[in-house]
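# Fold and contact review
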Amino acid sequence: MAMRKRGLFSAAASTSRTNASSSSCLSTFLLAVFSVVVFVSLFFFVGNGLRFSASSEWSERSSGSVGQIVDWREKMAAQHLKSFFSKEDIDVIVTNVKNLGKLSLDSFKRNNVSASWTVVGKEDVDNTSSEAKQKGKNFKQDKLNSGKYSFSVDNHPSVLESPAVLMRRRLRENRREKRAADLTRQDEEAIMKLENGAIQRSKSVDSAVLGKYNIWRKEHEYDSVDSTVRLIRDQIIMARVYISLAKMKNKLDLLQELQSHLKESQRALGDVTTDADLPRSAPEKIKAMGLLLSKAKEQLYDCKLVTGKLRAMLQSSEEQVRVLKKQSTFLSQLAAKTIPNGIHCLAMKLTIDYYLLPPEKRKFPKQENLENPSLYHYALFSDNVLAASVVLNSAIMHAKEPEKHVFHLVTDKLNFGAMNMWFLLNPPGKATIHVENVDEFKWLNSSYCPVLRQLESAAMKAYYFKADHPTTLSSGTSNLKYRNPKYLSMLNHLRFYLPQIYPKLDKILFLDDDIVVQKDLTPLWSVDLHGKVNGAVETCGESFHRFDKYLNFSNPHISRNFDPSACGWAYGMNIFDLKEWKKRDITGIYHKWQNMNEDRTLWKLGTLPPGLITFYGLTHPLAKSWHVLGLGYNPSINKSDIENAAVIHYNGNMKPWLEIAMTKYRPYWTKYIKHDHPYLRSCNLRV
């Protein structure tokens, strides 16, 4: 036992001393050197011991079924060692190897058996594998719990490490994780910044829906739904990306191939939107382009470059959309302010025929009803014969007592004859109608009316007619909006002079010419306005159609007198108490603010902003079912809301008599037109 504890080097030294009496000093020195070499060799065998075969002790633990297995390397080592050492020396070395304890091969085999170890030369491993696996698992769990050992991926025990080493390792891992998280966050922030920038650029595009009217048409409702068309478009996009990369990496042959196939795909696609319209050669071109794109991906694909190119293409597309929206808005506003040929033809024919009539046949019956305050009076100001006819036809058709309804129609001198002739040929049943010419209101002059005085000024003419002289479609969008004739026509401002036009009436219902009546409106005369002047439907939501949308609250006159969050309301169907109007001098309030806005610093244009100011605090809200708005610009109005409304309003530029009208809303208006009327047929007027 004493010799076993001294170790391998001590055993060799002892052997040297035993033979010293018969050897010279030089022999002793050479033997010591040789012993060191042997010592190192034995440790080499120990380090590679996992590849040795099991010892006799392992064989006994394996139920005796396997005999002692000796690796060929042990045999060779034993043969060579026998020529240098005696049997006693070899026993000493073996004893000291066994004293390595837990680092010895036998210790690993006894206590740390793993299912992943392979015993070379073992013939019957299955008999003992389950027991060995269980013991190996128990040992690993104990060591893990005690913190003395850690295991690698293949379940082999690692070298014992000190707490300081483990701490440093954990700190390095934490630093790596933190750095990776920082890089990921920076990348996400950069992507988010780019996305937010794209969103803001999209929002900055003119949001007028006029430029989008075509996508609401039925024929474009499901644009690009076919998969083959979408595939070709995707291939064209990726081909453009790889063309850019091929130029960058100087792949000229691949560049020519991509450009050639791109042209073929573009010719095959053309303006096609459905698979059925694609040419027969399309599948072959798709296949050829797919193979070429796969080839390009193998040679050129770089995630960062592809992402950057796609992002650049997206930004370019957004800029193109912005320009096209401005152009579309310009053209839509141009279409909105023009009169269709059919309606112009109708007005001309009616005017000629009216002035061919003798004077006695130009008068309407029942003119005594015009000043009877007990009847239901309507005010309609329009220069559109067809639109006015729809308003009257729809209102009379739904009136329970049409003989009690009186329609006061005011137009300009250009359309005065046409308007009279139409209703002389198509009288409104039992209802009463009267047509007047605004140019015959001698009291309405520039000395009395601020708007007329301002329109005659040189500054206003320059603002409306010469604003910036735009040379391109996109640059003239906003200026064209200001030059819309409706903002310059006095017919649009007559609504502020109702008591002056109808001095003997107590209440009157004001209607725009772009509305359709769907129910009897007589209950409106019974609505209690609670001392207010104007009964109207409010249009404000959570954050839109409030006063700050229409008025300039940076002006102190506006900010001191009005609440920016006050709710807006709609013109188009308004019941006015003319007695209260006169008492509160509503027209005088309008004149005051219109004079203050001569330089257009309080509001820009239109009659709604001055109406909001004039009737501020004097408007009684009506139920929303009385008046549904937005059919001239909003494609997402609920169908049930439209059908349940008393009045539907085509406010916006997409009037139902124009080609840009939304198709799904037009039938509510066209059903009140007499399509078989000879005047409509002669003018080829089809709406």
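Cut-offs and rules
Residues numbered from 1 in each chain as written. Predicted model: local features only at pLDDT ≥ 70, side-chain atom pairs only at ≥ 80, totals over all residues. Heavy atoms only, no water. Helix = DSSP H or I, 4+ residues; strand = E, 2+ residues; numbered from the N terminus. Buried < 20%, exposed > 50% of the residue type's maximum accessible area, 1.4 Å probe, protein only. Contact = heavy atoms within 4.5 Å. Areas by Shrake-Rupley, 256 points an atom, 1.4 Å probe, with all protein chains shown as cover. Phe/Tyr/Trp six-rings, centres within 6.5 Å; stacked < 30°, edge-to-face > 60°. Lys NZ or Arg CZ within 6 Å of the ring centre and 35° of its normal. Disulfide = S-S within 2.5 Å. Pairing = 2+ DSSP bridges. Axes fitted to C-alpha atoms, helices over the stretch in contact; angles between N-to-C directions. Left-handed = near helix turned anticlockwise from the far one by under 90°. Nonpolar A, V, L, I, M, F, W, Y, C, P; charged D, E, K, R; others polar.

## Section: the overall build of the protein
Per the secondary structure count, the protein includes 29 helices and 10 strands. Across the 687 residues of the protein, 41% fall into the buried class. Put simply, 76% of the contacts in the protein that link residues at least 6 apart link residues at least 24 apart. Total accessible area computed for the protein in this model is approximately 38800 Å², and 55% of it derives from carbon and sulfur atoms.

## A few points about the packing of aromatic side chains
The geometry of an aromatic ring pair is captured by the separation of the ring centres together with the interplanar angle, meaning the angle of the planes. Scanning the entire structure with this criterion turns up 24 aromatic pairs. Centroid distance Phe-381 to Phe-510: 5.9 Å. Interplanar angle 55 degrees. Geometry classified as tilted. You can see Phe-381 sitting in strand β1 (residues 376-381) and its partner Phe-510 sitting in strand β4 (residues 507-511), a full 129 residues away along the chain. Under the relative-accessibility criterion, Phe-510 is labelled buried at 1%. Seen from their ring centres, Phe-562 and Tyr-616 are 4.9 Å apart, and the 80 degrees between their planes marks the pair as edge-to-face. Placement of Phe-562 in the loop between α23 (556-561) and β7 (573-577) and of Tyr-616 in the loop between α26 (608-614) and β8 (619-621) is noted, with a sequence separation of 54 residues between them. Above the ring of Tyr-301, the side-chain terminus of Lys-297 is found at 5.7 Å from the ring centroid. Its guanidinium or amino end placed over the ring of Tyr-354, Arg-362 lies 5.1 Å from that ring's centre, counting from NZ or CZ.

## Re the state of the cysteines
Overall, the coordinates contain two disulfides when judged by the stated rule. Covalent S-S linkage joins Cys-540 and Cys-567, the inter-sulfur distance amounting to 1.7 Å. Because the torsion about its S-S bond is -100 degrees, the bridge between Cys-540 and Cys-567 counts as left-handed. Taken together, the residues Cys-540 in the loop between β6 (534-536) and α22 (547-550) and Cys-567 in the loop between α23 and β7 connect sequence positions 27 residues apart. Assigning the bonded cysteines of the protein consecutive numbers by sequence position, one obtains the connectivity 1-4, 2-3.

## What to know about the side chain of Thr-587
Tracing the sequence through the fold places Thr-587 in helix α25 (residues 586-596). Since its relative accessible area comes to 4%, Thr-587 is described here as buried.

## Remarks on the sheet that holds strand β9 (residues 627-628)
As summarised here, the arrangement of the three strands in space is β5-β10-β9, forming an open sheet in which the pairing is mixed. Edge positions in the sheet fall to β5 (515-517) and β9, since each has one partner strand and no second. Both β5 and strand β10 (residues 647-649) contribute to a ladder of three bridges, which runs antiparallel. Bridge pairing links Val-517 to Val-647 in β10.

## Quick notes on the packing of helix α10 (residues 227-248) against helix α12 (residues 282-300)
Running from N to C, α10 and α12 cross one another at 35 degrees; their axes reach a closest spacing of 10 Å. Of the two elements, α10 crosses α12, and the hand of that crossing is left-handed. Facing α10, whose interface residues are Thr-228, Leu-231, Ile-232, Gln-235, Met-238, Ala-239, Tyr-242, Leu-245 and Ala-246, α12 presents Ile-286, Met-289, Gly-290, Leu-293, Ala-296, Lys-297 and Leu-300. In terms of residue class, the contact of α10 with α12 is made up of 12 nonpolar, three polar and one charged.

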